[in-house]
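A structural walkthrough
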Amino acid sequence: MTGVIDRRPRATSTGAIVTGCVALLLGGASAIHFGVMGEHAGVSWSHGLFFALVAWAQLGLAVLIVTRRSRSLIAGVIVVNLAVLGVWAVSRTAGIAIGGNGNPEAWGAVDGLCAAFEVGAVVLSLVLLRQSIARRPLSSGVGYGAVAFIGVLVIALTVWIFSPSVASGGTAADGHQHGALAAVSHDHAHLLATVDDKGLSALSNGHHHAFGPEQPLGATTRALLTSQMNATIEVARAYPTVAAAEAAGYRRAGPYSPGLGAHYISYGSAGALNPDGTMTDDALHHPLAIIYDGTNPDSRVAGFMYYSIGKNRPSGFAGPNDNWHYHESLCLKYTTTGIDAPFGADKSATKAQCDSVGGIILKQTQWMVHVWSVPGWASAQGLFGEVNPALACPDGSYYERPASQWAAHPLNVCKSAA
């Protein structure tokens, strides 16, 4: 009969809908790998190349599976993503030495989301290989609704995971937070808005909780923290210069480096090692390291590094803002005057670098925290900031010499230093 509108629901195939979902998941994983490519290129060229190849491969597969779906292409999606997931799992458990120091990285929110996209793509690709399921008819309304839902979910999660609120809100695990979260989780985005960079954003050390705006404190907590800071200021008054610290038995551990200053360390008190991680009067008055703005006898005190040899994260200072952290692969050299750290007291080093100066690798330190309470030396990162931008190089920048040159410049590793 002519003139009658066919109102029967249109149908599509389950395979077509699943294919669209696979493409969206691959696109999300590709976007994340593109997003973190620059950061990993800063670690090593091999890291950057790997992330670039993975990103382009996943993007290419996303396009091809929609336009030229075949069993061999579906198998390619499965193989590529299983390989990427395998590399990720090894990097988080055993560690990968290529382009890095071989230490396992910590699990993070960004890499977890990327892995979830890849697992989803693999599972749905396995569904596509089942012809009996792939050819099954499906209402177009239901099918396209499912694709739209997956698309919105992938886009929303990808945008969310790179948002500043996540970057500074601490959704990542301790340690090397994967992707753009790591790039800004130390509040570098805030620093770049307030400080002329000049290499500052490249300064990063240790395994931290995500840095973000300091949380407000109640009156009681604020009073206790103030009392604790007053104790640290008493230490600064007792050891105002390098000469005063050395006279009391403190010895330099590593060179002056921008953002971190020069660390002078003493193990002369049980409080310096603080086994239970509580800030007793003894612990407050005996920081493991006093930080100075240089290595000359008249260099001035700028801050402190407190330490705890306890297994668990220290209870530490009053309030939630003290960012305790630890280091892996710290190079130590035992001398007649004490323990030296040729590559810095807050820097990781490779075994080859440490061997070149006759040192040994400490696989992992215990907990430590910086305190920038000395009047005149407040850090733009906050009282417990990772680094202190006030500790710059002679030319006002933060550019360091290559690590291969540090042994030849044991007092100052700034590029602009004499």
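Quick summary incoming for the structure in this document. (Residues numbered from 1 in each chain as written. Predicted model: local features only at pLDDT ≥ 70, side-chain atom pairs only at ≥ 80, totals over all residues. Heavy atoms only, no water.)

1. Structural notes on empty space enclosed by the protein
Overall, the coordinates contain one cavity of 30 Å³ or more when judged by the stated rule. Along the walls of the largest cavity sit A253, G254, P255, S257, L260, G261, H263, G344, A345, D346 and K347, which together make up its complete lining. In terms of residue class, the lining of the largest cavity is made up of four nonpolar, five polar and two charged. (1 Å grid on protein atoms, 1.4 Å probe; cavity = no way out; pocket = protein on both sides within 12 Å on 5 of 7 lines; lining within 4 Å. Points joined across faces, edges and corners; volume = space filled by probe spheres on them. Nonpolar A, V, L, I, M, F, W, Y, C, P; charged D, E, K, R; others polar.)

2. Overview of unusual backbone geometry
Working note: non-glycine residues mostly have negative phi, and peptide bonds are mostly trans. Backbone geometry places N274, a non-glycine residue, at a positive phi of 45°. With respect to the helices and strands, N274 occurs in the loop between α12 (270-273) and α13 (281-284). The exposure class assigned to N274 is buried, which follows from its relative accessible area of 4%. Look at S329: it is not a glycine, yet its phi comes out positive at around 55°. A relative accessible area of 6% places S329 in the buried class. (Helix = DSSP H or I, 4+ residues; strand = E, 2+ residues; numbered from the N terminus. Buried < 20%, exposed > 50% of the residue type's maximum accessible area, 1.4 Å probe, protein only.)

3. Notes on the pairing of strand β10 (residues 367-371)
Counted residue by residue, β10 has five buried out of five residues, so it is predominantly covered. Side-chain alternation along β10 places W367, V369 and V371 on one buried face and M368 and H370 on a second face that is also buried. Relative to β10, strand β6 (residues 301-308) runs antiparallel, the two being bridged by five bridges. Of the residues in β10, the one forming a bridge with F304 is V371. (Pairing = 2+ DSSP bridges.)

4. Let's talk about the pattern of salt bridges
Once their charged atoms are close, side chains differing in charge can pair, the charge on each being opposite to the other. The full count for this structure, using the stated rule, is one salt bridge. A salt bridge links D355 to K351; the nearest nitrogen and oxygen atoms lie 2.9 Å apart. Note that D355 and K351 are positioned in helix α14 (residues 351-356) at a spacing of four residues, about one turn of the helix. The exposed category is assigned to K351, whose relative accessible area is 57%. (Salt bridge = Lys/Arg side-chain N within 4 Å of Asp/Glu carboxyl O.)

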